[in-house]
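# Architecture at a glance
Residues per chain, in single letters:
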Protein chains: 2
Amino acid sequence: VDTFTEGVHFFPGTDPAALGHKALAVNLSDLAASGAQPLACLLALSLPSVDPVWLGGFSGGLLALARAFDCPLIGGDTTRSSPGGGISVTITVFGSAPDLKSVLRRQGAAPGDVIWVSGAIGAAALAVAARQDQGAPQPKVTDWLGNCSADQLALAGRCLDWPSPRVDLGLALRGLASACIDISDGLLADLSHLLLRSGRLGASLVESRLPLAQAVGALPEDVRRRLALRGGDDYELCFTAPASQTQSLQQSAEQLSIKLTPVGVVEAQAGIRLLTADGGSLPMETHAYEHFH
Amino acid sequence: VDTFTEGVHFFPGTDPAALGHKALAVNLSDLAASGAQPLACLLALSLPSVDPVWLGGFSGGLLALARAFDCPLIGGDTTRSSPGGGISVTITVFGSAPDLKSVLRRQGAAPGDVIWVSGAIGAAALAVAARQDQGAPQPKVTDWLGNCSADQLALAGRCLDWPSPRVDLGLALRGLASACIDISDGLLADLSHLLLRSGRLGASLVESRLPLAQAVGALPEDVRRRLALRGGDDYELCFTAPASQTQSLQQSAEQLSIKLTPVGVVEAQAGIRLLTADGGSLPMETHAYEHFH
């Protein structure tokens, strides 16, 4: 179950179709990270008022994704928001797995396992930065955003608004991955959850291997690093697997037409270290996402 | 899944333990109305800010009820409320039944079936009226509230804040009830849902048989009628059963120490009629609860 709140998880005025899509997508992404087959979903929707046009858009976005993943909406609750409050969308998804041992978990990684990331990361965080800068421009940010073309920013916006849950990949990772998580809060934060749950393990990440979204690659190094490591909302999968599974994983990647990139290795020493192009090893702060700040 | 919103479903400043209890209770009440055995629950909680004392109270109330009904909290999501918004609690409950035909539904009532109500009704609506009158006194309401003792109002407040879901009764009704619903929006509104789903049927209710909460019995006739028929939040069950099941139902009532009262009969003619003490038959308006008004 995941709650999606106006002004916290999405900008006021977000396209309702994108919102309906994304509210379900983030939940399907949790199923993907568990290697679960989607079964059905429930929608609890709180609205300040009823706007049929908004509702039509929202339902259209949600139901199209539900159909695409064969995950029908089987019930829910619709209520008024608390006075002064905004839109809030809580979706519960149900998924299945043939047995407990085929469920992917955050725990299970072992020292020596390879760390993989699907697709590309950083684009959604770039779009968040661009929209925040539109609302309240900051000269520094406006400056580095100038490195991105309008097309690149539009593409980043689509990554933020219309994430594609990696359900098929999650199913393919059953029996291959030793641990798995989806990147919702940023690679560092989510990988650190996985390492903690796997027994306070650590990792080294090779900076040059991080699969950056194209637009992000054009940015100054410090910005690029921040977006790639700390930017959330990409909903790619980060998983670990013994090196012996590398060939099977590459085959799966090809079958599913999903890019899978080995980005580092699990280590017994706690903490995450970033191996930089100049041969350095930077210890990374890995505060998990704070839900209240 | 049910959402419980500050300023909509509960008064700001509600005792957090009562809130935790009630948010789960209304969901367990839905399981009760389905004749389902509670299995587990999920909590999605949105809060404007973190208050450890509030959270302690809330969790205490929720978890005590979860334990009492063997319905463990197995997951959830905690987020900040949208700016300016209040507390919002969305709970998803899971329940089980041995097979589809033992699930109680809103559909299934037939003309001639007896309509039953569990426990007593009207107390929660009385408490709502008393609290609204405390916040914004209305001379008429203040006047009739004067018929109730402080003890009666305190008891009504407990009915509103600490409803007891009729899970055991729901289980006992498997195979006995032809249709079932819980009274969350008021007897008329919920019964009309049941009748509609059973094929646009109607009903006659015998006013003198309505199991009024004691405090409500002391009120003027028009108020009594309004609280009993239109007051929600009692979370008693309203169900229908063939007259042939009357003895079995009375045995179940005795075993469970729950009062069950036959209040009327299902009829083929649509609409709900109230048979009054003076021999009249009043057609009742049965607008269902409006979630936006």
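Look up: the structure comes first, before these words.
Next up on the list: the overall build of chain A. Of the regular secondary structure elements, chain A holds 10 helices and 11 strands. Its C-alpha atoms give chain A a radius of gyration of 19 Å, within 12% of the compact-globule value 19 Å for 293 residues. In terms of overall dimensions, chain A has a C-alpha envelope of 55 × 55 × 35 Å along the principal axes. Put simply, chain A has 293 residues, and 52% of those count as buried. Summarising the internal contacts of chain A: among those between residues at least 6 apart in sequence, 85% fall at separations of at least 24. Placing the 20 positive and 28 negative side-chain charges of chain A at their respective mean positions leaves the two points 4 Å apart.

Our next topic: unusual backbone geometry. Residues other than glycine seldom take positive phi values, yet Arg200(A) does so here, at roughly 55°. Summarising the element assignment, Arg200(A) is placed in the loop between α7 (187-197) and β7 (202-206). Overall, the relative accessible area of 62% leaves Arg200(A) in the exposed class. A positive phi angle, near 55°, is found at Ser257(B), a position not held by glycine. If you trace the backbone, Ser257(B) turns up in the loop between α10 (246-256) and β9 (260-267).

Before going further, it helps to spend a moment on the environment of Cys180(A). Residue and element names in this part refer to chain A. Among the structural elements, Cys 180 can be located in strand β6 (residues 179-182). Along the chain, Cys 180 and Leu 153 lie 27 residues apart, while their C-alpha atoms are 29 Å from each other. Apart from residues lying up to four places away in sequence, Cys 180 is in contact with Ala 33, Leu 104, Arg 105, Arg 106, Leu 173, Leu 194, Leu 237, Cys 238 and Phe 239.

A word on the interface of chain B and chain A. With 32 residues of chain B at the contact, the number on the chain A side is 32 residues. Interface area, chain B with chain A, both sides summed: about 2600 Å², of which 61% is carbon and sulfur. At the junction of chain B and chain A, the tally comes to 0 salt bridges. The interface formed by chain B and chain A contains 5 residue pairs in polar contact (both at pLDDT 80 or more). The set of elements that each furnish at least two residues to the side of chain B that touches chain A consists of β1 (2-5), β2 (37-47), β3 (73-80) and β4 (88-96) of chain B. Within the side of chain B that touches chain A, the residues separate by chemical class into 10 nonpolar, 18 polar and 4 charged.

This part takes up the sheet that holds β4(B). All names here are of chain B. Read from one edge to the other, the open sheet built from 4 strands follows the order β1-β4-β2-β3, with strand pairing classed as mixed. Whereas interior strands pair on both sides, the edge strands pair on one side only; in this sheet they are β1 and β3. In this sheet, neighbouring strand axes are inclined to one another by 20° on average, regardless of whether the strands run parallel or antiparallel. Bridge analysis of β2 against β3 gives 7 bridges, and the strand direction is parallel. Bridging across to β3, Ala 44 finds its partner in Asp 77. Set on the sheet, helix α1 (residues 16-33) makes contact with β1, β2 and β4; between it and β4 the angle comes to about 35°. Taken strand by strand, helix α2 (residues 52-68) contacts β2, β3 and β4, and its axis lies near 165° from that of β2.

All right, on to α7(A) then. Summarising burial for α7(A): 8 of the 11 residues are buried, a large majority. Among the residues making up α7(A), those that are buried are Leu187(A), Leu188(A), Ala189(A), Asp190(A), Leu191(A), Ser192(A), Leu194(A) and Leu195(A).

Another aspect to go through is empty space enclosed by the protein. Counted according to the given criterion, the structure contains 1 cavity of 30 Å³ or more. One number sums up the size of the largest cavity: a volume of about 110 Å³. Around the largest cavity sit 16 residues that line it, and Gly86(A), Ser88(A), Ser82(B), Gly86(B) and Ser88(B) are the ones nearest its centre. Grouping the amino acids of the lining of the largest cavity by side-chain chemistry returns 2 nonpolar, 14 polar and no charged.

A few words on the sheet that holds strand β9 (residues 260-267) of chain A. All names here are of chain A. An order of β6-β8-β5-β9-β7-β10-β11 is seen for the 7 strands of this open sheet, with the pairing classed as mixed. Of all strands in the sheet, those bounded by a partner on one side alone are β6 and β11 (281-284). This sheet shows a mean twist of 25° between the axes of neighbouring strands, independent of strand direction. Examined bridge by bridge, strand β10 (residues 271-275) and β11 share 4 bridges and lie antiparallel to one another. Bridging across to β11, Arg 273 finds its partner in Pro 283. Relative to strand β5 (residues 114-118), helix α10 (residues 246-256) is tilted by about 5°, and along the sheet it contacts β5, β8 (237-241) and β9.

About the thresholds
Residues numbered from 1 in each chain as written. Chains lettered and ligands numbered in written order. Predicted model: local features only at pLDDT ≥ 70, side-chain atom pairs only at ≥ 80, totals over all residues. Heavy atoms only, no water. Helix = DSSP H or I, 4+ residues; strand = E, 2+ residues; numbered from the N terminus. Rg over C-alpha atoms; globule rule 2.2 N^0.38 Å. Buried < 20%, exposed > 50% of the residue type's maximum accessible area, 1.4 Å probe, protein only. Contact = heavy atoms within 4.5 Å. Lys, Arg positive; Asp, Glu negative; His and termini not counted. Charge placed at Lys NZ, Arg CZ, Asp CG, Glu CD. Buried area = accessible area lost by both parts, 1.4 Å probe. Salt bridge = Lys/Arg side-chain N within 4 Å of Asp/Glu carboxyl O. Polar contact = N/O pair within 3.5 Å; in protein donor to acceptor, adjacent residues only side chain to side chain. Nonpolar A, V, L, I, M, F, W, Y, C, P; charged D, E, K, R; others polar. Pairing = 2+ DSSP bridges. Axes fitted to C-alpha atoms, helices over the stretch in contact; angles between N-to-C directions. 1 Å grid on protein atoms, 1.4 Å probe; cavity = no way out; pocket = protein on both sides within 12 Å on 5 of 7 lines; lining within 4 Å. Points joined across faces, edges and corners; volume = space filled by probe spheres on them.

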